[in-house]
Amino acid sequence: MRDSTEWKPTSYRSHTIGQVVELGESLLGSEVTISGYAETVRGRGAICFLLLRDGTGRIQAFLKRDNMDEDSFDSIQSASRESTVQVTGLVAQKRPPKVGEGEPVPLPEYEVNVSSGTILAEASTPLPIGVIDDVQVGLHVRLDNRHLDLRREHVNAMFQLRSRVLQYGRDHLISEGFQEINSPKIIAAAAEGGTNLFPIKYFETDAFLSQSPQLYKQLAILGGLERVFEIGPAFRAEKHDTYRHLNEFISFDIEGAWMDDEDVMGVQERMIHYIWSQVKVNDQHLMDKVNEYRESQGKGKITIEIPSLPFPRIPYCDAIEIVKGGGGEIDWGDDIESHHCDLIAAKFPGFHFIPKWPMAMKPFYIHHKEGEEGSSGGQLSRGFDLNYGRDEMTSGGAREHRVDVLESNLRNMGLDPDDFSFYTDGFRYGAPPHAGWGLGVARLLMVLTGAGNVREVVLFPRDRSRVTP
Ligand code: AMO
């Protein structure tokens, strides 16, 4: 439930239900108009108890046939669950339940004695998924009915947490001098490799959906914006069907001038530290809702452990040794896959950076690492990942800012520099050394809320089999 203390009245309500509950004592005897979903409707004959819920609280409304227009009384008394109802009446102390008449949920001390009311929209029956009853349905059925799934309290809490995480992330970056930008999502060239692009027809020409704001956030830096961030969609035509991959996801990106890989790792860890600290101070009630549900499902409680700074740095070469030492099969130059990450996480259970990846494994825009070689003599890069447990949260790195090297990187990776001239031209007139990262928002939320699947924390996920709702 959301804190609505400061919310202004609207055409449909003088108060939120949360306000009536909160201000109950001072509102006793005053007339209020509230609107919400009919959670339960009980009582026969001349009286009716309507349990009304909006996004800020729930309250009992007491209706008596003698006190109001009969048609309105009858329609509310026969309203189906989850219908939306508006009622007006005086705030009163809640009458105690009759002996033997339990209450479906603990109710606040106050109720509304209704003098008029109306059904705003009747809900069809039966409901495809339960809102207050714990009907066990699979994630795909929940996602098909996301509009109802969101009415469930713990799901609603997850999305409030998501909003808070983005807000705290934004606040933190702004406090470090970053400004928000929006880059185009209809693009002509691949930033992250050409195989997983979604092609689109753009009038008479071919275009793609953006995989990452990478090239544009760099151009913003070259243009002198110094420190930028963007929270926006990224599209990847990957055929993965896993708990952590989507074909559209929200990428939280930064880019900073006069910064290197170590500088932006610092920004990242401070931002995550700030987010966790703020959630702990302000949003425990949301975590409680998530935990209540987890416990009802026999899952452990999630506690917010504020990670200490700095996060461990385990350079790629050391990470490989940890994997080998743990019995994993991996060679220098191989990707560190989830089952390898498990072995690393056994030693480093919290957030940890893996810097200095082999240059050959990183995109063309990543800067190589000077004066240091990999164990097998391979060239190292200034690219890094941030991991938690078996999952990658972020990739980032210092960028190549010399146009001749950039063009040769493109060629070495089988790409045609001419296709990237809109980007490389940005480097021809003086380019500050710079660095940045891209963080998968849903993956970070998975860590915070204990969700086992990114779809839990994405409003309307897009995966291989889902384009609706
Ligand atoms: P990368 O491709 O590693 O890096 O993506 C950055 C982060 O985005 C998240 N992510 C995904 N989340 C859900 N579904 C997907 N299919 C998916 N793909 C990626 C991950 C990942 O760590 N331009 C660079 C970033 C940079 O260097 O600034 C990039 O896009 O959490």
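Remember, it's a predicted structure, so these values are computed and weren't measured experimentally. (Residues numbered from 1 in each chain as written. Predicted model: local features only at pLDDT ≥ 70, side-chain atom pairs only at ≥ 80, totals over all residues. Heavy atoms only, no water.)

Let's talk about the sheet that holds strand β9 (residues 205-209)
Phase 1 of the analysis: Reading across from one edge, β7-β9-β8 is the order of the 3 strands in this open sheet, with antiparallel pairing throughout. With partners counted over all chains shown, the strands left at the sheet margins are β7 (186-187) and β8 (199-202), one partner each.
Phase 2 of the analysis: Across 4 bridges, β8 lies against β9 in antiparallel orientation. Residue pairing across strands places isoleucine 200 opposite alanine 207, the latter belonging to β9. (Pairing = 2+ DSSP bridges. Helix = DSSP H or I, 4+ residues; strand = E, 2+ residues; numbered from the N terminus.)

Observations concerning the site of the ligand
Phase 1 of the analysis: The environment of the ligand is formed by 23 residues, the closest being Glu192, Gln214, Glu392, Met393 and Ser395.
Phase 2 of the analysis: One of the side-chain N or O atoms of glutamine 214 is found 2.6 Å from a nitrogen atom in the ligand.
Phase 3 of the analysis: Within the contact set of the ligand, an oxygen atom lies 2.7 Å away from a side-chain nitrogen or oxygen of lysine 217.
Phase 4 of the analysis: A total of 620 Å² of accessible area belongs to the ligand in isolation, and the protein chains cover 93% of it.
Phase 5 of the analysis: Breaking the shell around the ligand down by element, the ones donating at least two residues are α6 (214-222), β11 (248-257), β16 (391-398) and β17 (434-440).
Phase 6 of the analysis: No other element matches the 5 residues that β16 contributes to the shell around the ligand.
Phase 7 of the analysis: Per-class residue counts for the shell around the ligand are 5 nonpolar, 9 polar and 9 charged. (Near = heavy atom within 4 Å. Polar contact = N/O pair within 3.5 Å; in protein donor to acceptor, adjacent residues only side chain to side chain. Areas by Shrake-Rupley, 256 points an atom, 1.4 Å probe, with all protein chains shown as cover. Nonpolar A, V, L, I, M, F, W, Y, C, P; charged D, E, K, R; others polar.)

Some remarks on the sheet that holds strand β4 (residues 84-93)
Phase 1 of the analysis: The 5 strands are arranged β1-β2-β3-β5-β4 in a closed barrel whose pairing can be described as mixed. Pairs of neighbouring strands in the sheet enclose a mean axial angle of 55°, with direction left out of account.
Phase 2 of the analysis: Here 5 bridges tie strand β1 (residues 31-42) to strand β2 (residues 47-54), and the two strands are oriented antiparallel to one another. Across the sheet, residue tyrosine 37 finds its bridge partner in β2, namely arginine 53. (Axes fitted to C-alpha atoms, helices over the stretch in contact; angles between N-to-C directions.)

Focus on the pattern of salt bridges
Phase 1 of the analysis: Inspection of every chain in the model, using the stated rule, returns 39 salt bridges.
Phase 2 of the analysis: In this structure, glutamate 180 and arginine 170 form a salt bridge, with 2.9 Å as the shortest nitrogen-oxygen distance. A residue pair is termed long-range when its members are at least 10 positions apart, and glutamate 180 in strand β6 (residues 179-180) and arginine 170 in helix α5 (residues 153-175) qualify at 10 residues.
Phase 3 of the analysis: Arginine 170 sits in the partly exposed class, given a relative accessible area of 28%.
Phase 4 of the analysis: One salt bridge connects aspartate 260 with arginine 382, and the closest N-O pair in it is separated by 3.8 Å. Here aspartate 260 is found in the loop between β11 and α7 (261-282), whereas its partner arginine 382 is found in the loop between β14 (379-381) and β15 (383-388), with 122 residues between them in sequence.
Phase 5 of the analysis: Several salt bridges share partner residues, and in doing so they unite Glu39, Arg53, Arg58, Glu82, Arg151, Glu153, Lys289 and Glu292 into one network. (Salt bridge = Lys/Arg side-chain N within 4 Å of Asp/Glu carboxyl O. Buried < 20%, exposed > 50% of the residue type's maximum accessible area, 1.4 Å probe, protein only.)

A word on the pairing of β16
Phase 1 of the analysis: Burial analysis of β16 places 6 of its 8 residues in the buried class, which makes it a mostly covered element.
Phase 2 of the analysis: With 6 bridges joining them, β15 and β16 adopt antiparallel strand pairing. Residue asparagine 387 lies in a different strand from β16, and its bridge partner there is glutamate 392.
Phase 3 of the analysis: Count of turn residues in the β15/β16 antiparallel hairpin: 2 residues, of which glycine 389 carries a positive phi of about 60°.

Focus: the domain arrangement of the chain
Phase 1 of the analysis: By domain assignment, the chain separates into domain 1 (4-121) and domain 2 (148-457).
Phase 2 of the analysis: A separation of 47 Å is found between the C-alpha centroids of domain 1 and domain 2. (Domains from an automatic or database assignment.)

What to know about the nonpolar core
Phase 1 of the analysis: If you look at the biggest cluster of nonpolar residues, it comprises 50 residues, and the most contacted ones within it are Phe252, Trp276, Phe351, Trp437 and Leu444.
Phase 2 of the analysis: Counting residues per element, this core draws most heavily on α5, at 9 residues.
Phase 3 of the analysis: Ile34, Ala61, Val85 and Val112 belong to the second-largest nonpolar core, a separate cluster that totals 23 residues. (Core = buried A, V, L, I, M, F, W, Y, C linked by side-chain atoms within 4.5 Å.)

Quick word on the pairing of strand β13 (residues 368-373)
Phase 1 of the analysis: Bridge count between β13 and β14: 2 bridges; the pairing is antiparallel. Paired with histidine 368 across the bridge in β14 is serine 381.

What about the environment of arginine 402?
Phase 1 of the analysis: Topologically, arginine 402 is positioned in the loop between β16 and α11 (403-412).
Phase 2 of the analysis: It is 27 Å that separates the C-alpha atoms of arginine 402 and isoleucine 231, two residues lying 171 residues apart in sequence.
Phase 3 of the analysis: If sequence neighbours within four positions are ignored, arginine 402 has contacts with His367 and His368.
Phase 4 of the analysis: Within the structure, arginine 402 has its side chain in polar contact with the side chain of glutamate 400 (distance 2.7 Å). (Contact = heavy atoms within 4.5 Å.)

Some words on the environment of serine 83
Phase 1 of the analysis: You can see serine 83 is positioned in the loop between α2 (70-77) and β4.
Phase 2 of the analysis: Remark: the alpha-carbon pair of serine 83 and threonine 40, spanning 43 residues in sequence, is separated by 9.8 Å.
Phase 3 of the analysis: At 2.8 Å, the side chain of serine 83 and the backbone nitrogen of alanine 123 are in polar contact.

A closer look at a negative patch on the surface
Phase 1 of the analysis: Side chains of Glu329, Asp331, Asp334, Asp335 and Glu337 sit close together on the surface and give a patch of like negative charge.
Phase 2 of the analysis: When you line up the elements, aspartate 335 lands in the loop between α9 (316-325) and α10 (338-347). (Patch = residues over 30% accessible without salt bridge, like charges linked within 9 Å, V, L, I, M, F, W, Y side chains within 5 Å. Lys, Arg positive; Asp, Glu negative; His and termini not counted. Charge placed at Lys NZ, Arg CZ, Asp CG, Glu CD.)

So, the environment of alanine 188
Phase 1 of the analysis: Take alanine 188: it is sitting in the loop between β7 and β8.
Phase 2 of the analysis: Between the C-alpha atoms of alanine 188 and methionine 265, which are 77 residues apart in sequence, the distance is 30 Å.

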